[in-house]
Amino acid sequence: MLLAYLQSTITPTAQETVDQALAAAAAAQANVDKALEAATAAQTSADFAQFTVNNLWILIAAALVFIMHLGFSALEAGFVRKKNVVNILFKNAMIICIGLLTYCLCGFNLMYPGFAEDSSGFFAFAGFGLSPGPDDMTAAYADYTYWSDFIFQAMFAATGATIVSGAVAERIKLIPFLIFSTIFVALSYPITGSWKWGGGWLDAMGFYDFAGSTLVHSVGGWAALAGIILLGPRLGKYTAKGIRPIQGHSMPLAAIGVFLLWFGWFGFNGGSVLSADPELVSLVFTTTSLAAAAGGIGAFVCSYIMTKSHDLSMVLNGFLGGLVGITAGADIMSITDSIIIGFIAGIIIPLSVTAFDKAKLDDPVGATSVHLVCGIWGTLAVALFGDCDDCGSFTAQLTGIVAIGAFTFIVSFILFYILKVTMGIRVSAEEEERGLDMAEHELRAYN
Amino acid sequence: MLLAYLQSTITPTAQETVDQALAAAAAAQANVDKALEAATAAQTSADFAQFTVNNLWILIAAALVFIMHLGFSALEAGFVRKKNVVNILFKNAMIICIGLLTYCLCGFNLMYPGFAEDSSGFFAFAGFGLSPGPDDMTAAYADYTYWSDFIFQAMFAATGATIVSGAVAERIKLIPFLIFSTIFVALSYPITGSWKWGGGWLDAMGFYDFAGSTLVHSVGGWAALAGIILLGPRLGKYTAKGIRPIQGHSMPLAAIGVFLLWFGWFGFNGGSVLSADPELVSLVFTTTSLAAAAGGIGAFVCSYIMTKSHDLSMVLNGFLGGLVGITAGADIMSITDSIIIGFIAGIIIPLSVTAFDKAKLDDPVGATSVHLVCGIWGTLAVALFGDCDDCGSFTAQLTGIVAIGAFTFIVSFILFYILKVTMGIRVSAEEEERGLDMAEHELRAYN
Amino acid sequence: MLLAYLQSTITPTAQETVDQALAAAAAAQANVDKALEAATAAQTSADFAQFTVNNLWILIAAALVFIMHLGFSALEAGFVRKKNVVNILFKNAMIICIGLLTYCLCGFNLMYPGFAEDSSGFFAFAGFGLSPGPDDMTAAYADYTYWSDFIFQAMFAATGATIVSGAVAERIKLIPFLIFSTIFVALSYPITGSWKWGGGWLDAMGFYDFAGSTLVHSVGGWAALAGIILLGPRLGKYTAKGIRPIQGHSMPLAAIGVFLLWFGWFGFNGGSVLSADPELVSLVFTTTSLAAAAGGIGAFVCSYIMTKSHDLSMVLNGFLGGLVGITAGADIMSITDSIIIGFIAGIIIPLSVTAFDKAKLDDPVGATSVHLVCGIWGTLAVALFGDCDDCGSFTAQLTGIVAIGAFTFIVSFILFYILKVTMGIRVSAEEEERGLDMAEHELRAYN
């Protein structure tokens, strides 16, 4: 009875509340699981939103790099004579086709062959065609899909050959040029690209080239130089009486081209962040724009000092020089540094154009000055101005410039040379006089 | 006393810890509610971020489709003679006005009238003007706002009439053309559009047209064909001695137009995903670009075989043919398929241009070959190459092509015919000779 | 023994389950902490995704505003005579350089000097250069980084001077113009800008100017007017026999310019939302496009009534008038309001162009009609049509127009006047006849 009494007075209360407490704890636990699940779902959604915006930026950047092909076309068309306009447009139209299709066939897998990590890879090939994997979004691409990676890089690839087309304009044969471009874009550009962006030996040694002052621009410039040397100058350019300036046929067209190139460069440099990272992309937009502006001023000042004229073509090329100059380090430069780098690139333009002319290397659009010389300058500037842990040392930068330059120049020279001795690379004097539009296309640019 | 002792030695401890347990469980429960609330808030934020990026892409895509109107203007201006340039620019400028305003007035609500689900809707109208609802972001638009939906679709609407303007260029009277365009964009385009994109009978039967090979491009092409037939060829085009080629006045202008059209197509096709879905949008960018590139090569090869010349206008139209061809299935094609589809579209261009000329159907810019013929090809290609559950069968695709083609052609023919017998649609021979710029605008394109 | 028995039968059970309950509650609590942490992490991720998309839109908008500089260049080049094309391109190229670099040097910190809140700030300066703070993403910029803010605003800054260049074209000396532009962009534009966007006295009194009908467009227009007055008309424009129309040299170039300006306006107005807010940005895209379209129709109708001709240059300027008109209230207007505002702006264009010509104020491109007159109209329209709490009253709007107009006109007049009496602002009659391209640049636009 005492027991029963005790049980009734003492325990039941405790037991009841204990059960309550247990139930409450279990309920809390169950709700905790729901909360955790909800938090995990929210995290997944947030991650996907972040992935979506990063990926979208790479795609928009690819479209902007695409419009650079119109920029190059318009610039080069504006800077050549009226009789060679259809020809230069035809070349640029074919190059974008060739670039995209060969990059799909082999370029992408040559440039990103998947070198073993920390290897000193020089050459590898991941096979023909594209292999997106089961869900098109493999783990290797944390911020964008396989397709975004491909199309962004493919738009880059063709720009190299576009640089060449301007330099060899007004005298090169169409078909040999297209053959050269195909091999150059399909093989040479991706191999040197793999040394750095593909994780190869230059990457391992600390070479730094953010968006391609060397990998894209000076690569195009070296190939252009090889072509210029083997082609020789346009008829009547270098005469006994001195250098005869051959002016382009349309400055508005050239200006449209240069502004579109600057516009596209927001994608070229901004997209090279490889995500929509707010701080980096906005810094890159700022350094890129300021370098271009300073390049225009630099070229204006330098060309005015040299010739006492206000030379629009120098200012336009000064923009491009500034843009090429900042490209290697657009993500690591301060405001002041980017202005200095761009300004010096702008000064380089008239000096370099004059120097090439003195050496009788005839470049109708100034592509070698813009892309080769300013590309080298920008790559060295990373070592001179860059202030970050992984900025390339002077040695690393110089090694990259020399190695990529030597490879590209030699390959291009051999290619052009083989074409020269087999099918010939230069139109006849009569065709050159008549103009390539009628000679190669039987079509006038203007009627 | 025993009781008191028992209570003091046994129960108190239990009771105290029970209270602690209850309190702890209650505290946990309270925090769980906070955690759930926090997780829900995070989910809402993540969903809004996703909504924001999806919506932003639709808007950027709308801006890209807008720039296609500049693309069409430049292309058509480049492909006509110098004396008809102001006229073609004037038409294209007015069409964008007419397109946006009539789509606002009635087009949008004709094209998206809200057919009952799984109905076989043929015609419905949701009323004049726009009705965004209380918060401009109604549930029907999960990934973008009402305004984004409107402006993206409105930019599409005007492109149909732009296609017509090129085909009937150099001989059509301005005012009748503008009247035709207004009725065509306000009524005909939205009605056929509603059959598929508005959820009408073609959608119910499984017709597939991702971004409008049929709904936009061949619709424009059929209207163009009706105009061409009723107008007759330009003076001096088809002579007793054969077909006289009438070359455009500026190839650079045409090239600018085509490159801008390709640029805009990233929005035309990419935006048709109707979200920023990473995998789909990036696939669409890739298939679209590769088809355009393959179209350029196809047109180059085919036109070279046909005429042994390197025809820039064919390559440019080859780009457009590839783009139109991939448009119906850009979201479902493999890399290889999109290259094949584009390449065949490119081959079609010179063949079709020649065929139209043989039939004495005079199209100054090749719009019918690009938009009508390649639009049909692209729509059929969905059935031939598409590999997905909801890809249209050959029958469904053919039904869509024929039904939309017949409706559009008949409506356009009747419209043009009424205009012809009432106010006349063709300028006088003297005006045509003098050029429409002076005849209709008293303004020269170039001074 | 009883105690032991009781303890063994009653308590242990309770104690045991109490311990279980305590442990369960503690476990729940621990998991709650994890869930809260996970929810907080998800919230942080979602917020960063939102920040990333907002920031990305500001950057893309900056790129779109950049392309307006190409739009202005092409429009102005198209509307001047062949002999002054290089000159106008040169000016526009230099203005973008000057605008970006001076905005970096002092403009940004003059325009956003950090007035004390609710002050009636008239002038303040936050110091030379840029000061992004330790992490480039200071709290003041909730939706974008410091760099995004700078580059977006910097692209705006240069547009003011670009407006001037068209109005004073074909007769102003190059160097004085560049000096004027530098001081105007570096000092005058940012000071009046600070009154509203910098949070100064006009902002405090309720003046409303969403994207700059007054702050950017009429500011440029007032400076242009000062220049026009001090320069005088072009030779042969106003003769004893009446007004001689001097037509532009290339309508395609002008059309390219106008379409690119519209394209860029998506960034100009859309970016002025200062985030990617789905509802606001999509509304702004819609009101902006509809106003431009209605402006084209308004100018077409009005110019047809006035001259019975279909005047392309009026329609093109009508687009721009509609765009300038909607700019002050693009975020608060209904569809109908934006169409009315644009249509009236379009009507204004031919009336204003005629009125300026009657007053012998010679503006080769119609910049004062487009930017000054339609800028005033758009700013007043906010008071007439706007339906929101913070829309400016008529008094506030008028105060803003008058205050900013008076300041800008007086400063510009004094600047131009000083330049006129010191170095002269007008080329010689002989140089004007010969053309500025040869006189100032020794370079022809076309060869």
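The rules behind each value
Here the residue index of a chain counts from 1 through its sequence in written order. Whichever chain is written first becomes A and whichever ligand is written first becomes 1, with later ones labelled in order. A pLDDT threshold of at least 70 governs which residues receive local features in this predicted model, and a stricter bar of 80 or more applies before side-chain atom pairs are shown or counted, although totals over entire chains, interfaces and linings include all residues. The side-chain figures draw on all heavy atoms in the structure; neither hydrogens nor water molecules are used. Contact definition: two residues touch when any of their heavy atoms are within 4.5 Å. In this description, buried area is defined as the sum, over both parts, of the accessible area (probe of 1.4 Å) that is lost when the two are combined. Whenever a carboxyl oxygen of Asp or Glu lies within 4 Å of a side-chain nitrogen of Lys or Arg, that contact is scored as a salt bridge. Think of a polar contact as two N or O atoms within 3.5 Å of one another; within protein, one of them needs to be a possible hydrogen donor and the other a possible acceptor, and neighboring residues in sequence only count if both atoms come from side chains. A least-squares superposition brings the copies together, and it is based on the C-alpha atoms of residues with pLDDT no lower than 70 in both. Helix and strand assignments come from DSSP, with helices taken as H or I runs of at least 4 residues and strands as E runs of at least 2, each series counted from the N terminus. Under the scheme applied here, ten amino acids are nonpolar (Ala, Val, Leu, Ile, Met, Phe, Trp, Tyr, Cys and Pro), four are charged (Asp, Glu, Lys and Arg), and all others, including Gly, are polar. Space inside and on the surface of the protein is sampled on a 1 Å grid over the protein atoms alone, with a cavity defined as a set of points where a 1.4 Å probe fits but cannot get out and a pocket as an open set with protein on both sides within 12 Å along at least 5 of 7 lines; lining residues have an atom within 4 Å of a point. Grid points are joined across faces, edges and corners, and a volume is the space filled by probe spheres set on the points. The criterion for an aromatic pair is that two Phe, Tyr or Trp rings (for Trp, the six-membered ring) have centres within 6.5 Å, with stacked assigned to planes under 30 degrees apart, edge-to-face to planes over 60 apart and tilted to the rest. To sort residues, take the accessible area from a 1.4 Å probe on protein chains only and compare it with the maximum for the residue type: under 20% means buried, over 50% means exposed, and anything in between is partly exposed. Charge-over-ring placement is defined geometrically: NZ (Lys) or CZ (Arg) within 6 Å of the ring centre, and within 35 degrees of the ring normal. We call a pair of cysteine sulfur atoms a disulfide when they lie within 2.5 Å. By definition here, a helix of n residues has an expected span of 1.5 Å times n minus one. Two axes are fitted around each residue, one to the seven residues ending there and one to the seven starting there, and the angle between them is reported as the bend at that residue.

A few words on the interface of chain C and chain B. By convention, interface size is frequently given as the accessible area that disappears when the constituent parts associate. Across the contact, 63 residues belong to chain C and 76 residues belong to chain B. Considering only the side of chain C, the residues that lose the most area to chain B are C:Phe259, C:Pro278 and C:His310, jointly responsible for 12% of the buried surface there. For the pair chain C and chain B, the number of links is zero salt bridges. The interface formed by chain C and chain B contains 13 residue pairs in polar contact (both at pLDDT 80 or more).

This next bit is on the relation of the copies chain B and chain A. When chain B is fitted to chain A, the residual RMSD is 0.1 Å, and the transformation amounts to a turn of 120° plus an axial shift of 0.0 Å. This pairing of chains is accounted for by a three-fold axis.

Taken together, the contact pairs 63 residues of chain B with 76 residues of chain A. Taken over both partners, the interface formed by chain B and chain A buries close to 5700 Å², and the fraction arising from carbon and sulfur atoms is 80%. Three residues, B:Phe259, B:Pro278 and B:His310, lead the burial of chain B against chain A; their summed loss comes to 12% of the area buried on that side. Counting every contact that joins chain B to chain A gives zero salt bridges. Summed over the shared surface of chain B and chain A, the number is 13 residue pairs in polar contact (both at pLDDT 80 or more). Put simply, the parts of the chain that give the side of chain B that touches chain A at least two residues each are α1 (2-9), α2 (11-79), α8 (251-270), α9 (278-307), α10 (312-327) and α11 (335-358) of chain B. No other element matches the 22 residues that α2(B) contributes to the side of chain B that touches chain A. A per-class count over the side of chain B that touches chain A returns 42 nonpolar, 17 polar and four charged.

By the definition in use, this model includes nine cavities of 30 Å³ or more. Its volume calculated, the largest cavity comes out at about 170 Å³. Surrounding the largest cavity, 14 residues form its lining, A:Ile60, B:Ile60, B:Leu64, C:Ile60 and C:Leu64 being those nearest its centre. Elements with a minimum of two residues in the lining of the largest cavity: α2 (11-79) of chain A, α2 of chain B together with α2 (11-79) of chain C. Its residues assigned to classes, the lining of the largest cavity comprises 14 nonpolar, no polar and no charged.

Attention shifts here to the packing of aromatic side chains. Between two aromatic rings, the relevant description is the distance of the centres plus the angle of the planes. Throughout the structure, instances matching the rule amount to 87 aromatic pairs over all chains. Considering the side-chain rings of B:Tyr146 and B:Trp147, the 5.6 Å spacing of their centres and the 85° angle between planes classify their relative orientation as edge-to-face. Residues C:Trp262 and C:Phe319 carry aromatic rings whose centres are separated by 5.1 Å and whose planes lie at 70° to one another, so their mutual orientation is edge-to-face. With a gap of 57 residues between them, C:Trp262 in helix α8 (residues 251-270) and C:Phe319 in helix α10 (residues 312-327) connect regions that are remote in the sequence. Here C:Trp262 falls in the buried class, since its relative accessible area comes to 0%. Taking NZ or CZ as reference, A:Lys91 lies 5.3 Å from the ring centre of A:Phe177, over its face.

Residues and elements named next belong to chain A. Applying the stated criterion across every chain, the model contains zero disulfides over all chains. Here Cys97 stays unpaired: no disulfide links it, and the sulfur of Cys104, its closest cysteine neighbor, is 13 Å away. Not part of a disulfide, Cys104 finds its nearest cysteine sulfur in Cys106, a span of 9.5 Å. With a relative accessible area of 6%, Cys104 lands in the buried category.

Residues and elements named next belong to chain C. For helix α5 (residues 174-196), built from 23 residues, the straight-helix expectation of 33 Å at 1.5 Å per residue is met to within 8% by its first-to-last C-alpha distance of 32 Å. Phe184 marks the point of greatest bend in α5, at about 40°. Across the 23 residues of α5, 18 count as buried, placing the element largely inside the fold.

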